[in-house]
Amino acid sequence: MTTKLILASAAAAAALWSSTAFAADAVSEPPAPPPVATDTAPPAFSWAGGYAGIHGGYSWLNGDFSGGGSETFDGGRFGGFGGWNFDVGNNVILGLEGDVNYDWNKKNFVSGVDFGSEFSGSARGRVGYALDRTLIYAAGGWTATRAGFSGAVDDKATLNGWTIGAGVDYAVTDKIFVRGEYRYNDFGSKTISGVNTDLDQHVINVGVGVKF
């Protein structure tokens, strides 16, 4: 009887010691470290910075002439543009842009004499609203064109005026964007070969540009 009591006491003591040791190990074991994040969100697209590109399209040049009525001189055009965008926050983009173009819109004015414009250019301010990779903008400023008569009478002049328009730029990659744009150009008036000439122009441009 005494032997059984001793053995039972020993077994109970061993069980108690084992439970205490297990509890101590459980308390002292450090918690597992949190999982390390391996994916990071891509940086937001930005329109800020410089850019340059080429564009082409079609123009409708309207001329009012003293003693000669009105004529329309339509044709294709090609040119280049460049500028700089400033991100001022809240998706608002401000910028400055310049362009140089050549218009093929010469037309017979009177027998043996053609009229049309050739080189044109502008310097414009822009304000836009960015929707991620889409930039909707309006622009306006100064514009000029070289226009006049050729053939039996060869006389040209530079006319200065103002321009206003709107367009959409869309970034197809982080560096390359495409553009569609409408512009109205009022070149004012000037006397050319004794004829008072007043010119204005509607333009549709499509282009591709590169962000720096």
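Residues numbered from 1 in each chain as written. Predicted model: local features only at pLDDT ≥ 70, side-chain atom pairs only at ≥ 80, totals over all residues. Heavy atoms only, no water.

(A) Main features of unusual backbone geometry. One non-glycine residue, Asn-90, adopts positive backbone phi at about 55°. One can find Asn-90 in the loop between β2 (69-89) and β3 (92-103). Under the relative-accessibility criterion, Asn-90 is labelled exposed at 72%. A positive phi angle, near 50°, is found at Ser-193, a position not held by glycine. For Ser-193, the position within the fold is in the loop between β8 (176-192) and β9 (195-211). (Helix = DSSP H or I, 4+ residues; strand = E, 2+ residues; numbered from the N terminus. Buried < 20%, exposed > 50% of the residue type's maximum accessible area, 1.4 Å probe, protein only.)

(B) Summary view of the environment of Gly-112. For Gly-112, the location among the structural elements is in the loop between β4 (107-110) and β5 (113-131). With a relative accessible area of 48%, Gly-112 lands in the partly exposed category. Residues Gly-112 and Ala-152, 40 residues apart in the sequence, show an inter-C-alpha distance of 5.7 Å. Residues within four places of Gly-112 in sequence aside, it is in contact with Ser-150, Gly-151 and Ala-152. (Contact = heavy atoms within 4.5 Å.)

(C) Main features of the pattern of salt bridges. Scanning the entire structure with this criterion turns up 11 salt bridges. With a shortest N-O distance of 3.8 Å, Arg-126 and Glu-97 are connected by a salt bridge. A residue pair is termed long-range when its members are at least 10 positions apart, and Arg-126 in strand β5 and Glu-97 in strand β3 qualify at 29 residues. The class of Arg-126 is buried, set by a relative accessible area of 6%. Judged by relative accessible area, which is 5%, Glu-97 ranks as buried. A salt bridge links Glu-97 to Arg-179; the nearest nitrogen and oxygen atoms lie 2.9 Å apart. In this pair, Glu-97 is assigned in strand β3 and Arg-179 in strand β8, connecting sequence segments 82 residues apart. (Salt bridge = Lys/Arg side-chain N within 4 Å of Asp/Glu carboxyl O.)

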